[in-house]
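# Residue-level structure breakdown
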Amino acid sequence: MKIIYEIKNTSEFPHQFGTIAQKYGTEVLEHDEGPGLFIFVKSKIKISEKIRDNKKYVYVWGATTDDLVYLNSFWGEPYQVIELKMSPLDFASELIELPQIHQITKEDIIQTFGISERDFNQYSRFIKMASRKSDIQEEVKLANTILERL
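What comes next is a walk through the structure. (Residues numbered from 1 in each chain as written. Predicted model: local features only at pLDDT ≥ 70, side-chain atom pairs only at ≥ 80, totals over all residues. Heavy atoms only, no water.)

### As for the sheet that holds strand 2 (residues 29–30)
Spatial strand order, 2-3-4-5-1-6: six strands in an open sheet with antiparallel pairing. Of all the strands in the sheet, the pair left with one neighbour each is strand 2 and strand 6 (80–82). Here strand 2 pairs with strand 3 (residues 37–41) via two bridges, running antiparallel. Pairing of glutamate 30 across the sheet is with leucine 37, part of strand 3. Of the strands in this sheet, strand 1 (2–7), strand 3, strand 4 (45–52) and strand 5 (55–61) touch helix 1 (residues 13–23), which is tilted by about 10 degrees from strand 3. (Pairing = 2+ DSSP bridges. Helix = DSSP H or I, 4+ residues; strand = E, 2+ residues; numbered from the N terminus. Contact = heavy atoms within 4.5 Å. Axes fitted to C-alpha atoms, helices over the stretch in contact; angles between N-to-C directions.)

Shown next, in the form of structure tokens:
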């Protein structure tokens, strides 16, 4: 998910950002262009300070519910929360973890993941194309087998 916080108490912000970076085992970096700080945890989460209309915001990409709860302890309720789509690899990994997957229907998958039929078809196409590659990941191979059965 993507989260946007509006920062009201800017004097505590640099210290808070440092504390958050420590929790994720990384450091606070400065933007290359323009003012602002960011935290990047490879393959997990990105947290970035942005200034818009003389207001300070923090944008968070790749957040989990646990991240949301943790960050709320610093900045309160988010200004905005946006659910992001899963990547095809994430979809494949989650799909193969479903219980009784060999008895599940396409409609069950759509409902379980809370996606549209269009999204389901897109994931299916991506996984089918990826399964043709020689360096296929096991999750994709298994997911393709499941999707072909539907």
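### Side note on helix 2 (residues 65–75)
All of the buried residues in helix 2 are Asp67, Leu68, Leu71, Asn72 and Trp75. The arc enclosing the buried residues of helix 2, seen along the axis, measures out at 135 degrees, which places them on a common side. Exposed residues pointing more than 90 degrees away from the buried face of helix 2 are listed as Asp66, Val69 and Ser73. (Buried < 20%, exposed > 50% of the residue type's maximum accessible area, 1.4 Å probe, protein only. Arc of directions from axis to C-beta.)

### A word on the packing of aromatic side chains
Tallying each qualifying case throughout the model produces twelve aromatic pairs. Judged by centre distance (5.9 Å) and plane angle (20 degrees), the rings of tyrosine 59 and tryptophan 61 are stacked. Its relative accessible area of 15% is what places tyrosine 59 among the buried residues. Geometrically, the ring pair formed by phenylalanine 74 and tryptophan 75 is tilted, given 6.0 Å between the ring centres and 45 degrees between the ring planes. On the accessibility criterion, tryptophan 75 (11% relative accessible area) is buried. Members of the aromatic cluster, each reached through a chain of ring pairs, are Tyr5, Phe13, Phe17, Tyr24, Tyr70, Phe74 and Trp75. (Phe/Tyr/Trp six-rings, centres within 6.5 Å; stacked < 30°, edge-to-face > 60°.)

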